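A look at the structure
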Amino acid sequence: MSKRAAFIKAACKEHVDDFLQLVQLHKDRTDPFDLEEVMEEMARDQREAVWGELASLLRDVLLELPPERWDEVTDAESAVDPKRVVAAVTLVATVSLKVLQNGDTYNGLLNITRQLHEVLVSSHPRTEDNVLPHIQTLCEAWWKKDLLNKDKFGRTALVIALNKILYSKKMNTELQRAWSLHKVVSNVNYASEDGQQLSAQLLQCFRATSFIRNDDGKRFMVFLFSWHVDFVPLIHEAIKNQLQFYNTVATEDVAEIYFRAWKKASGKFLEKIESECIQDLMKCAILLQRSSPLCRKVRQIIFYFHKKNVCPSVGKMLSALYKPILWKYLNVPNFEVRTNATVLFADAFPIVDPDTEIEEALQKQLDKLKVLLFDKHDVVRCNAIQGVCKVLARCWELLPSVVIVDFLKKLEELAGDSSSDNVRCAVFAYLCVVLDNVLSHPALEKLMPKWKNSLHDASVKVRVAFVDMLLKVKAVRAAKFWDVCSLDHLVARLARDTPHVSKRLAELLVDSFFPAKGSDRDRCNRCVTLIQMSPAAARKFYLYASVHTAPNNIVKFMLAIRQVLNLSIRRDDAVDADLHDSDEENRAGEKPFALDKDVVATLLEVVVILWKNISRSLEQNEETRTHVHAQFGQVMSKYLSQFTDERCQVALMQMASFMPFSTVATFSFSVLARLRKMEPEAPPSVYGQLLDCMCSWGKTASVLELLIEWLSQALPESRGLCSSPPHRLNAKRKVTIQVTEEAKPDLALAYLDHLLLHPSTRNKVLALSQGPLKHLYTLLGNCKSVLSTHLNASSEGAAGAELALKAFTYHGRLSVHLQHHLSEGREYLQSLEYTAAWLGERVLPVLAKAHQGHGHGQGEANSSRALAAEIIQAFLTMCGDVVLCLDDDAFNAHVLHLCSLLVRPTDAASYLCIPAMLQVLKELMASYSAVERKAPGDQRDAATKCLSVVANIFQKIIELLAGRLKKEPEEGKRLCQSAVSGLQDFLRVAQASKISAVFDTLFAIVVVETSYALQKMTQPEEVTTPEKVDDLPILSSTILSVLLHLSPVTGAFWAEMFSSLYSDTYLSLTELAAVVHLLAVLRHAMRPNECLKKIAMVVQQRIHAQANAKHDVQGAIYQSSVTSLNDILTQWEV
């Protein structure tokens, strides 16, 4: 049996298995059975009969198992897989379309396609099935074959393709399919129901940036502008709604789509695109706020059309569309609108219609640019300057010389605009654009020297823009920058200006003082010249110039400076062996010469600066690092003996700290002796370098031994838990000569402060063994016994108390570092907890007792009280660091307990510790808030309770402040001022943590304090409404001034204020009047918001209930409050 006969026989329901097997053979590339060949061999009536049989087979299968049940059916329920049958019939129908000839009847094939189309339509649009894409391909092929029902089938294929583009990741194939079916849209009636459904589907395409970015997608979207004239505004509206979500690249693609749609349009479509799309975008670009993100994107679309202005048709279109709007908006009162219009005008220049008088239009536009340069608002002037500079850069060769000279004169005048530094900055910033045009260089070369004083402008940004202009001049070789501004001025400004300017000046001068192709000797000569001009400028220059050359060049330059310094020494001591370099033959012809001591000092400082800059590079290049160490190590001793000036010594100390101990062994032995002989009053700048050297050489242990030695003589030894015999850090036995010298404990603590303050030295200290560190820690801890003695004794021995207090502070700092870096347990935290207990048992009673003392011995009591307060403040400050760094729950609880003890009513003198308490409470609140947000249930509940305790302690603190103000107003006022900084930090964290109780406390104290002041009034004349924050009582004034400086915190306070008033917490006349006073102050201090308006209205309702107040003072308060509220609400409504 032939293949054709076998296939004809199998194409029926009775032989469906044979039919499926034959289709499978067609798919198998190794089998010779080909359906297309078989269908071509069939006669027309045979093909029609096959199609009829397949249509019946398909109908029966679909009736038995509809598509919606395909996924539910098991193999036992159906003898034939419906998906295989549908797929096989679809394949036969697709192949049949290929062999279909003109004039052939295809009723059976049409019946098959209709049934398959129904399957496609009835399926979910996002269903992933292997059968449906083949049916979609069949519908696409049917439409391309131009057969009956092609519009119906083609529209379905297009809609499914669009759905896949929007909701699938495989889009390239579907985008090509959508473009191939784009003419389907033209055959759909826009006004029909199908047309409306399709239009909604098409508008969704503008949401997909992948559609917009694809070339076929762009073609499809451009085509959509020509479907129906009423569809154009819908496209434009869809793009505007989606524009905020487009990135810069997608926005550029949208601009291209608009331009191509306009270019291909004609007739009504062209008018619609111009009037309702392009001109609408022009208006949006002008009327949108400059801060709006949409403004930039709309401008980008319009600027795309401006770039195409070289085409006469584009120029004609821009001229026609801008004419009714641009000139009007350039003259409106709103400066933002004028600014936006100026930006568009300058970018589109020249806006001319080729069919009209060009010269007249150009002259009008040039005149308008000149007017905009002197607009009354500086933002407009800045944008006009930008526009003029762009016009000059683009059209320099086309503009008359008279116009160019006129523009340059106006820019010269604006460069000295004293009313706005932004305008002065804009002149120099945008002149860089003009310099890109080579033809402008001769004219600007004559003009720029007139602006030389702008280098010394009072505004940093103007100086930055001016130096940027000089860099541009240097880059394009428009002129010699030193002719624009003399070298002396540049160097002077380099020495004293900010890093923003100095970095640019260093880049500008790098070829002058550190030429890339110059010899090392030439660079040294230029370096000396720069130093002689300004040592400060030299230091800054080499600080920033090193980024413009390779590290190897820096190393060569450093060694060249070393040779120069050697030559200056050889002038006096030419036979010193230390100064004979390994490369002596290279310097055979050089003669020694003298250098001023300031030049020598600055040369050494330059070496230090350069060494720091290339330190990382040296770490990665061991050979170079060793060579540098060896070269400078040879001459270090001689330098130290010859260069005795203080600046030289400091620089040499820094150089020595960069080198290993072995290279500076001779000098290093004297460093510890110098530390021992240091005066107690020496500043950190004197001993800091020595300590850095010792640490960098690995001699930190010797420094620590010196500290222990001095502190052991000043602080009592104890044999407690941590006490141990003094640790000799060098365990070897050796003969020593005992030299009696005075202990310097204050200097020891100063050394310790330097060591702990800087990370490099601190890491060296903490890297030592724990023996000496614990010994030092124990010595510092002994200060508590000294402090206890001073708390219980007379005021004599204040110096000893001061030393013990410093030791107490450093004991706490060292505890934090040791716990953080060394301890795995809680050893040092427990020590701090014992200290907290000691404060509660020994120090707090002294504070309370001293506060209650009277009569004889009051001065002694005050001294004890001050010392107790200082001890507590030092410990609380230390606790803030512990909470921040270690965040230990047990320790946090101890700190919270200590704060609770401090705010007890009996310890009224604890008000002295309020600033320190606020700082540590801030850290506790931040710690507990983080736990509350992230921790599981039990931990969250515990954190919430602790936050409640923090809020209660804060309430007690405010009560302490109020009590002190009542008892000692002057002292209370000073206390309020000292608490401002801590209160600001505390409230920031409270607002971030959403602790409403804190703001409830603040509002309550403001109301209570103000109402108390009102209650004390005895005469109606005393009732006045405050206008300034300072008119409120002292504590209320302090609180409100803090709140007004913190915008987010202010909002939280207003919300709590409204909540308290709405809950009927404050109902008395004086309380409501206090709120009115607060609102009256806010009326003058800030802009109104909805919350404040609601508060004012609530108070107005509450205060009307007090209309029966008959007492003279009460009546005056009522009348004053009502009048003030009316004025407030009237002003805020306006």
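Before going into details, it helps to say that this report is about the structure given with it. Predicted model, so just to flag it, every value in this text is computed and none were measured. (Residues numbered from 1 in each chain as written. Predicted model: local features only at pLDDT ≥ 70, side-chain atom pairs only at ≥ 80, totals over all residues. Heavy atoms only, no water.)

**So, the overall build of the protein**
- A tally of helices and strands in the protein yields 57 helices and 0 strands.
- For the protein, the residues scored as buried account for 50% of the 1134 residues in total.
- In the protein, 73% of the contacts between residues at least 6 apart in sequence involve partners at least 24 apart.
- In the structure as shown, the protein presents an accessible area of about 53700 Å², 51% of it carried by carbon and sulfur atoms. (Helix = DSSP H or I, 4+ residues; strand = E, 2+ residues; numbered from the N terminus. Buried < 20%, exposed > 50% of the residue type's maximum accessible area, 1.4 Å probe, protein only. Contact = heavy atoms within 4.5 Å. Areas by Shrake-Rupley, 256 points an atom, 1.4 Å probe, with all protein chains shown as cover.)

**Remarks on a negative patch on the surface**
- On the surface, a cluster of negative charge is made up of Glu-679, Glu-681, Asp-746, Glu-802 and Glu-870.
- Looking at the element boundaries, Glu-802 is found in helix H44 (residues 798-821). (Patch = residues over 30% accessible without salt bridge, like charges linked within 9 Å, V, L, I, M, F, W, Y side chains within 5 Å. Salt bridge = Lys/Arg side-chain N within 4 Å of Asp/Glu carboxyl O. Lys, Arg positive; Asp, Glu negative; His and termini not counted. Charge placed at Lys NZ, Arg CZ, Asp CG, Glu CD.)

**Topic: the packing of helix H14 (residues 231-242) against helix H16 (residues 267-287)**
- One can describe the packing of H14 onto H16 by two numbers: an axis separation of 9 Å at closest approach and a directional angle of 25 degrees. Between H14 and H16, the angle is such that the two are roughly parallel. As for the relative orientation of H14 and H16, their crossing is right-handed in sense. Contacts between H14 and H16 involve Val-232, Pro-233, His-236 and Lys-240 from the former and Phe-269, Lys-272, Ile-273, Glu-276, Cys-277, Asp-280, Leu-281 and Cys-284 from the latter.
- Grouping the constituent residues of the contact of H14 with H16 by class yields 7 nonpolar, 1 polar and 4 charged. (Axes fitted to C-alpha atoms, helices over the stretch in contact; angles between N-to-C directions. Parallel < 35°, antiparallel > 145°, perpendicular 65-115°, else oblique. Left-handed = near helix turned anticlockwise from the far one by under 90°. Nonpolar A, V, L, I, M, F, W, Y, C, P; charged D, E, K, R; others polar.)

**Quick notes on the packing of aromatic side chains**
- By the definition in use, this model includes 30 aromatic pairs.
- Aromatic side chains Phe-259 and Phe-305 sit 5.6 Å apart centroid to centroid with 70 degrees between the ring planes, which places their arrangement in the edge-to-face category. Here Phe-259, found in helix H15 (residues 248-264), pairs with Phe-305, found in helix H17 (residues 293-307); they are 46 residues apart in sequence, far enough to count as distant. For the pair shown, Phe-259 and Phe-305 are each scored as buried. (Phe/Tyr/Trp six-rings, centres within 6.5 Å; stacked < 30°, edge-to-face > 60°.)

**A look at helix H37 (residues 665-676)**
- Of the residues making up H37, those classed as buried are Phe-667, Ser-668, Val-671 and Leu-675. All buried residues of H37 fall inside an arc of 100 degrees around its axis, so they share one side. Summarising the geometry of H37, the exposed residues directed more than 90 degrees from the buried face are Thr-666 and Phe-669.
- The inward-facing, buried residues of H37 abut helix H35 (622-642), helix H36 (646-658), helix H38 (684-696), helix H39 (700-714) and helix H40 (745-757). (Arc of directions from axis to C-beta.)

**Points about the environment of Asp-367**
- Here Asp-367 is to be found in helix H21 (residues 358-372).
- Residues Asp-367 and Val-403 lie 36 residues apart in sequence; the distance between their C-alpha atoms is 9.6 Å.

**Structural notes on the environment of Leu-690**
- Residue placement: Leu-690 occurs in helix H38.
- Taking the relative accessible area as the measure of exposure, Leu-690 reaches 2% and is therefore buried.
- Once the C-alpha coordinates of Leu-690 and Gln-654 are considered, the two residues, 36 residues apart in sequence, prove to be 8.5 Å apart.

**Description of the side chain of Lys-370**
- Considering the arrangement of structural elements, one finds Lys-370 in helix H21.
- Side chain to side chain, Lys-370 and Asp-406 meet in a polar contact 2.8 Å long.
- Non-local contacts of Lys-370, meaning those with residues more than four positions away in its chain, are made with Asp-406, Phe-407 and Lys-410. (Polar contact = N/O pair within 3.5 Å; in protein donor to acceptor, adjacent residues only side chain to side chain.)

**So, the nonpolar core**
- Counting 388 residues, the largest nonpolar core has Phe-7, Phe-19 and Phe-541 as its most contacted members.
- For Phe-541, the residues in contact, after removing those within four places along its chain, are Leu-494, Ala-506, Leu-509, Val-510, Phe-513, Phe-514 and Leu-530. (Core = buried A, V, L, I, M, F, W, Y, C linked by side-chain atoms within 4.5 Å.)

**Considering the packing of H36 against H38**
- Viewed as axis vectors pointing N to C, H36 and H38 meet at an angle of 15 degrees, and their least axial separation amounts to 8 Å. Relative to H38, the element H36 lies roughly parallel. Crossing geometry of H36 relative to H38 is assigned as left-handed. Residues Val-650, Met-653, Gln-654, Ala-656 and Ser-657 of H36 form the contact with H38, whose participating residues are Gln-689, Leu-690, Asp-692, Cys-693 and Ser-696.
- In terms of residue class, the contact of H36 with H38 is made up of 5 nonpolar, 4 polar and 1 charged.

**What to know about helix H24 (residues 421-434)**
- Over its 14 residues, H24 extends 20 Å from the first C-alpha to the last, a length consistent with the 20 Å expected when each residue adds 1.5 Å.
- Among all positions of H24, only Val-423, Arg-424, Cys-425, Ala-426, Val-427, Phe-428, Leu-431, Cys-432 and Val-434 are buried.
- In this fold, the buried residues of H24 make contact with helix H22 (378-395), helix H23 (401-414), helix H25 (441-447) and helix H26 (460-476).
- Near the N-terminus of H24, the side chain that reaches the backbone nitrogen of Asn-422, with its oxygen 3.3 Å away, is that of Ser-420. (Expected span 1.5 Å × (residues − 1).)

**Here we look at unusual backbone geometry**
- Of note, the bond from Phe-349 into Pro-350 is cis; its omega dihedral lies within 30 degrees of zero at 0 degrees.
- Residue Lys-994 is not a glycine yet carries a positive backbone phi of 60 degrees.
- You can see Lys-994 is positioned in the loop between helix H51 (980-993) and helix H52 (996-1015).

**Observations concerning the pattern of salt bridges**
- Applying the stated criterion across every chain, the model contains 35 salt bridges.
- Between Arg-219 and Asp-216 there is a salt bridge whose closest N-O contact spans 2.4 Å. Placement of both Arg-219 and Asp-216 in helix H13 (residues 215-224) is noted, with a separation of 3 residues, approximately one turn of the helix.
- Of the residues examined, Arg-219 reaches a relative accessible area of 34% and is grouped as partly exposed.

**Here we look at the side chain of Ser-1124**
- For Ser-1124, the location among the structural elements is in helix H57 (residues 1112-1133).
- Within the local environment of Ser-1124, its side chain forms a polar contact with the side chain of Thr-1025, the two groups lying 3.0 Å apart.

**Considerations on the environment of Gln-689**
- Positionally, Gln-689 belongs in helix H38.
- In this structure the C-alpha to C-alpha distance between Gln-689 and Val-650, which are 39 residues apart in sequence, comes to 7.0 Å.
- Once residues within four sequence positions are removed from consideration, Gln-689 is found in contact with Val-650, Met-653 and Gln-654.

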